[in-house]
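Letter by letter, the chains look like this.
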Amino acid sequence: METTLSSAFWALLKRDLMLAYRHRNELLNPLFFFILVVMLFPLGTTPEKQLLMTMAPGVIWVAALLASMLSLDTLFRADYEDGTLEQILLSPHPLPVLVLAKIIGHWLVTGFPMILLAPLLGVFMYLPGEGIVTLMLTLILGTPVLSLVGAIGMALTVGLHRGGMLLSLLVLPLYIPVLIFSANTVGADMADMTIKGQLYFLSAMLVLAITLAPVATAAALRISLE
Amino acid sequence: MTLSEFFHMGGYAFYVWMSYGLALVVLLAIFFGPMIAKKQILKELRMKYRQQEKLDNGN
Amino acid sequence: MKLPAIVHKFSSPRNFYFMAGRLIPWLGWSCLILTLTGLYYGLIDAPPDYQQGESYRIMFIHVPSAWMSMFIYMVMASAGAIGLIWRIKLADIVAYSSAPIGAAFTFLALATGALWGKPMWGAWWVWDARLTSELILLFLYLGFIALQASIEDPRNAARAGAVLALVGVVNIPIIHYSVEWWSTLHQGPTVTKFDKPSIHLSMLIPLLMMAVAFKLFYATSLLMRARGEVLKREQNSRWVKEVVENDAK
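Here the structure is a predicted model, which means the values were calculated and not measured. (Residues numbered from 1 in each chain as written. Chains lettered and ligands numbered in written order. Predicted model: local features only at pLDDT ≥ 70, side-chain atom pairs only at ≥ 80, totals over all residues.)

Draft legend 1. Up close: the overall build of chain A. Within chain A, the regular secondary structure consists of 10 helices and zero strands. Secondary structure elements of chain A, listed N to C terminal, follow the sequence α-α-α-α-α-α-α-α-α-α. At 18 Å, chain A has a C-alpha radius of gyration in line with the 17 Å of a compact globule built from 226 residues. Each of the three principal axes of chain A carries a C-alpha extent, and together these read 60 × 35 × 30 Å. Across chain A, every contact between residues at least 6 apart in sequence was considered, and the portion connecting residues at least 24 apart equals 80%. (Helix = DSSP H or I, 4+ residues; strand = E, 2+ residues; numbered from the N terminus. Rg over C-alpha atoms; globule rule 2.2 N^0.38 Å. Contact = placed C-beta atoms within 7 Å.)

Draft legend 2. Just the overall build of chain B, in detail. From N to C terminus, chain B includes two helices and zero strands. Against the globule reference of 10 Å for 59 residues, chain B gives a C-alpha radius of gyration of 24 Å, more extended than a compact globule. In terms of principal-axis extent, the alpha carbons of chain B reach across some 75 × 15 × 10 Å. For chain B, the residues scored as buried account for 20% of the 59 residues in total. (Buried ≥ 20, exposed ≤ 12 C-beta atoms within 10 Å, placed from the backbone.)

Draft legend 3. A look at the arrangement of the chains. Among the two pairs of chains that make contact, the interface with the largest number of contacts is formed by chains B and C. The two units chain A and chain B are non-contacting; their minimal C-alpha-C-alpha distance is 23 Å.

Draft legend 4. How the structure looks around the interface of chain C and chain B. Taken together, the contact pairs 31 residues of chain C with 25 residues of chain B. Where the side of chain C that touches chain B is concerned, the elements lending two or more residues are α4 (89-121), α7 (201-233) and α8 (238-248) of chain C. When residues of the side of chain C that touches chain B are assigned to their parent elements, the largest contribution, 10 residues, is made by α4 of chain C. For the side of chain C that touches chain B, a count of residues per class yields 17 nonpolar, six polar and eight charged. (Nonpolar A, V, L, I, M, F, W, Y, C, P; charged D, E, K, R; others polar.)

Draft legend 5. Representation of the interface of chain A and chain C. With 20 residues of chain A at the contact, the number on the chain C side is 22 residues. Broken down by secondary-structure element, the contributors of at least two residues to the side of chain A that touches chain C are α8 (129-157), α9 (163-190) and α10 (196-224) of chain A. By residue number, the principal contributor to the side of chain A that touches chain C is α9 of chain A, which donates 10 residues. For the side of chain A that touches chain C, the class distribution of residues is 18 nonpolar, one polar and one charged.

Draft legend 6. Inspection of the nonpolar core at higher detail. Core analysis: the largest hydrophobic core is formed by 145 residues, its most contacted members being I60, V149 and A220 of chain A together with A95 and V163 of chain C. Here the element with the most residues in this core is α4 of chain C; it accounts for 17 residues. I60 of chain A has contacts with V38, L121, M125 and L135 of chain A, leaving out every residue within four places of it along the chain. (Core = buried A, V, L, I, M, F, W, Y, C linked by C-beta atoms within 7 Å.)

Draft legend 7. Region of the structure containing the packing of helix α3 (residues 59-86) of chain C against α4 of chain C. Residues and elements named next belong to chain C. At their nearest, the axes of α3 and α4 sit 7 Å apart, and the two run at 160° to each other. It follows that α3 is roughly antiparallel to α4 by the angle criterion. Considering how the two elements wind past one another, α3 and α4 form a crossing that is left-handed. Residues of the contact of α3 with α4, tallied by class, amount to 18 nonpolar, 10 polar and one charged. (Axes fitted to C-alpha atoms, helices over the stretch in contact; angles between N-to-C directions. Parallel < 35°, antiparallel > 145°, perpendicular 65-115°, else oblique. Left-handed = near helix turned anticlockwise from the far one by under 90°.)

Draft legend 8. Up close: unusual backbone geometry. All names here are of chain A. The backbone of Y126 sits at a positive phi, close to 60°, despite the residue not being glycine. You can see Y126 is positioned in the loop between α7 (111-124) and α8. With 18 C-beta atoms packed within 10 Å, Y126 lands in the partly exposed category.

Draft legend 9. Focus on the environment of G58 of chain A. For G58 of chain A, the position within the fold is in helix α3 (residues 49-71). For the pair G58 of chain A and I180 of chain A, spaced 122 residues apart in the sequence, the C-alpha separation amounts to 8.2 Å.

Draft legend 10. Representation of α8 of chain A within the structure. Residues and elements named next belong to chain A. Compared with an ideal rise of 1.5 Å per residue, which puts 29 residues at 42 Å, α8 spans 40 Å between its outermost C-alpha atoms and is within 8% of the ideal. Of all the bends in α8, the greatest reaches close to 30° and is centred on I140; the proline P144 follows between one and four positions later. The buried fraction of α8 amounts to 22 of the 29 residues, a majority that puts the element mostly inside the structure. (Expected span 1.5 Å × (residues − 1). Bend = angle between axes of the 7 residues up to and from the residue.)

Draft legend 11. View of the packing of α9 of chain A against helix α5 (residues 129-150) of chain C. Contact geometry of α9 of chain A with α5 of chain C gives a least axis separation of 9 Å together with a crossing angle of 150°. Between α9 of chain A and α5 of chain C, the angle is such that the two are roughly antiparallel. In this structure, α9 of chain A crosses over α5 of chain C, and the sense of that crossing is left-handed. For the pair α9 of chain A and α5 of chain C, the contacting residues are L166, L169, L170, P173 and I176 of chain A in the first and I136, F139, L140, L142, G143, A146, L147 and S150 of chain C in the second.

Draft legend 12. Layout of α3 of chain A. Residue and element names in this part refer to chain A. For α3, spanning 23 residues, the distance from its first C-alpha to its last is 31 Å, which sits close to the expected 33 Å at 1.5 Å a residue. Helix geometry: α3 is bent most strongly at A56, by close to 55°, with proline P57 lying one to four residues after it. Packed against the buried residues of α3 are α2 (24-44), α4 (73-82), α7, α8 and α9.

Put into structure tokens, the structure is as follows:
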């Protein structure tokens, strides 16, 4: 039975979402982590409103980076261990497209909920309403980049024994531009400065990631599954 | 400049000489590392070949 | 895309081993002579800076190190790409061997930057654009080294490293731009005064000498490191066995 590329794409995406739904308890863990990390900052520094407000965008974004990184394991690990990943690699369809399906599925259950949590975390950090909106905007543009770039790192380390720590070393430097631009965009917006340029840059990073990351991830998967 | 001026470096002696000293240490390490590693490799390969020969001759 | 056969012949590990062996003394001695000359002109001949006194002399180590840290990363990524696309073993070895040298230069750039910063800005570390970018670059190197170290098969390690290095290369301009942008947002007016005014010739010449000397140093140590790796990876071939036997005599 011949399948078209688009039906393969949707089939893979649907499958991943169904599997995620079956294990939906596990999905909550990175989100709880996200909330907890943000909570730690006032507890470790000060409950003072002004200071927390200034730190808010950076703190929330750092927490998002860490939570995103922790959740990367679910991207390829299960499929690697039960042999599904090998099957996907054997498919006649172009691997980058199939990989993109997996990454989108992953983002929908990890990055996307983080965006919905942003208002709560904004309140924890005394972020004003408009700040929260801008924060969510940056999360919408930025969390997919985190999933896409993280997928490359995950693909490189999926076959390794204790790849977890190595993954952070590989992926966090690559996350830095997203962090800088997102956090600073929110900060600039709170200071009533224009943020159009920053948003364009974030969008550019997203487009670059969507086009290149699946290719790099596919190459890395083939190498890891040698 | 006089010798004492040279060492003194206008009061910045610590910073300047620490920098050059660090550079020397790091670059010497980079230089001698492969030399020592190569000797090690040659030694190991020698032993490995001898062992292989013994095994081959034993057959 | 096929390469002409001559490239494959010259990049055979065996030919490389012997050619490199002959080149190393030339490179090494020129490096030493140029370094000593550069140091003379830099430490003794060049006059003190009217703003920074004698401390600016750290520049002769700091700037060439920073240049090398970037240059070597480019070489590493290019070699990785060549190894990935055309499967030339030597390219893999060049990338693998370059990484520790590049990391060392990056570390040196950071350390000498701190030692220069303390008398100049009063602080060991400042989050200025260049130091921050350099620090991130160090982590890119460390990630590359760690990844290759964790994969057993040299061929797979090389390919994985190449993918990582290429991703890094795409990211370096992005990271650099982000950090500069971030730093100019919060920058005080006193920082980075030393790069804009044109540099005096008596300081420029030793700087360029040290830059070339460092390149020669990289070439020398790269060839030395690569030769060792070649022996290790080709240990089952006859020519390596001959080399080992000859060495024992």
